[in-house]
Amino acid sequence: MSLFQVFDIASSAMTAQSIRLNATASNLANADSATSSTGQPYRAKQVVFSATQMTQNQPLAVGVKVAAVSEDSSPPRLVYDPKNPLADAKGYVAMPNVDVVEEMTNMIAASRSYQTNADMMNTAKTLLQHTLQLGQS
Amino acid sequence: MFSKLDSEFATSRAALHLRDLRQEVIASNIANADTPGYKARDFDFAQAMKDVMSAKQPAGALQMTVTDPRHISTSPRQSLEVALMYRNDVQPSIDGNTVDMNTEMANFADNALRYQASLSFAQQQVAGLRSALQSQ
């Protein structure tokens, strides 16, 4: 029964989307973290999805896996605040390169995708339940 | 009578299996809606069904030895291979992903419904056999 594979596919996508949601949460939480344990401002983290075959000899079932969590390499946002102890000689403080608008859209997209996959699982469950009742009067 | 049960259910079984496979393919498409470079795939159900129903014995298929003509033939099921094709993209996104969520969701619901329809047909076949077996 390859309907069981739908569960694997949907759950792989749900895992991937929840990792993306995690990254978004940490980006939004650290949107103002001007320094960290390395002394550098926080850098936005982005997840990279890649399609992956669920089983060796089944080319039909393609799930999702998180290939990498990469750090956004765009330059930090410079804020003029000469009173800040982290300010450089010109009075600018390097703030994290988190784009709050981008993160919010990411969050919505991730949660919608998660819901879609949960729906998909529900449909597969209904179909399987009906199949199990086949032949019973 | 019982040797004919197999052919009695052959159509339903093939239809259910292909619907099952298609559900899986569409599930893969929906799961990969955010994967960069993923190309949405699908197969032609009508063509696949036609192929399965008219399929001849694949070359090199293992066959059990039959020592008596009354033995039930044991022709192995042809593997239900389907020809996957890439979907024509409607609105290709910049990351190379061609999954169109509307199309996929519509196909998913449509396929699920048709799976249930095939299932009801199979159910009716069972009910028919059941009533034929009962003494009146």
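Our structure's up above, just so we're on the same page.
So, here's what we can say about the structure. (Residues numbered from 1 in each chain as written. Chains lettered and ligands numbered in written order. Predicted model: local features only at pLDDT ≥ 70, side-chain atom pairs only at ≥ 80, totals over all residues.)

## Focus: the overall build of chain A
- Assigned secondary structure in chain A consists of two helices and four strands.
- N-terminal to C-terminal, the α/β element order of chain A is α-β-β-β-β-α.
- Taking 14 Å as the expected radius of gyration for a compact globule of 137 residues, we find that chain A reaches 22 Å, considerably beyond that expectation.
- A principal-axis box enclosing the C-alpha atoms of chain A has dimensions of 80 × 30 × 20 Å.
- Per-residue burial for chain A yields a buried fraction of 28% across its 137 residues.
- Long-range contacts, defined here as pairs at least 24 residues apart, represent 60% of the contacts in chain A between residues at least 6 apart. (Helix = DSSP H or I, 4+ residues; strand = E, 2+ residues; numbered from the N terminus. Rg over C-alpha atoms; globule rule 2.2 N^0.38 Å. Buried ≥ 20, exposed ≤ 12 C-beta atoms within 10 Å, placed from the backbone. Contact = placed C-beta atoms within 7 Å.)

## With respect to the packing of helix α1 (residues 3-29) of chain A against helix α1 (residues 5-31) of chain B
- It is the contact of α1(A) with α1(B), at a shortest axis distance of 9 Å, that shows an interaxial angle of 5 degrees. Classified by the angle their axes make, α1(A) and α1(B) are roughly parallel. Each of Leu3(A), Gln5(A), Val6(A), Ile9(A), Ala10(A), Ser12(A) and Ala13(A) in α1(A) lies in contact with α1(B), whose residues at this interface are Asp20(B), Gln23(B), Glu24(B), Ala27(B), Ser28(B) and Ala31(B). (Axes fitted to C-alpha atoms, helices over the stretch in contact; angles between N-to-C directions. Parallel < 35°, antiparallel > 145°, perpendicular 65-115°, else oblique.)

## Side note on the environment of Ala89(A)
- Of note, Ala89(A) is situated in the loop between β3 (77-80) and β4 (92-95).
- The exposed category is assigned to Ala89(A), around which 6 C-beta atoms lie within 10 Å.

## Quick look at the nonpolar core
- Counting residues in each nonpolar core, the largest one holds 36 residues, and the members touching the most others are Ala10(A) and Ala27(B).
- Breaking this core down by element, the ones donating at least two residues are α1, β1 (45-53), β2 (62-71) and α2 (100-132) of chain A together with α1 and α3 (101-133) of chain B.
- It is α1(B) that contributes the most residues to this core, 10 residues altogether.
- What Ala10(A) contacts, discounting residues up to four positions off in sequence, is Asn117(A), Met120(A), Met121(A), Ala27(B) and Ala31(B). (Core = buried A, V, L, I, M, F, W, Y, C linked by C-beta atoms within 7 Å.)

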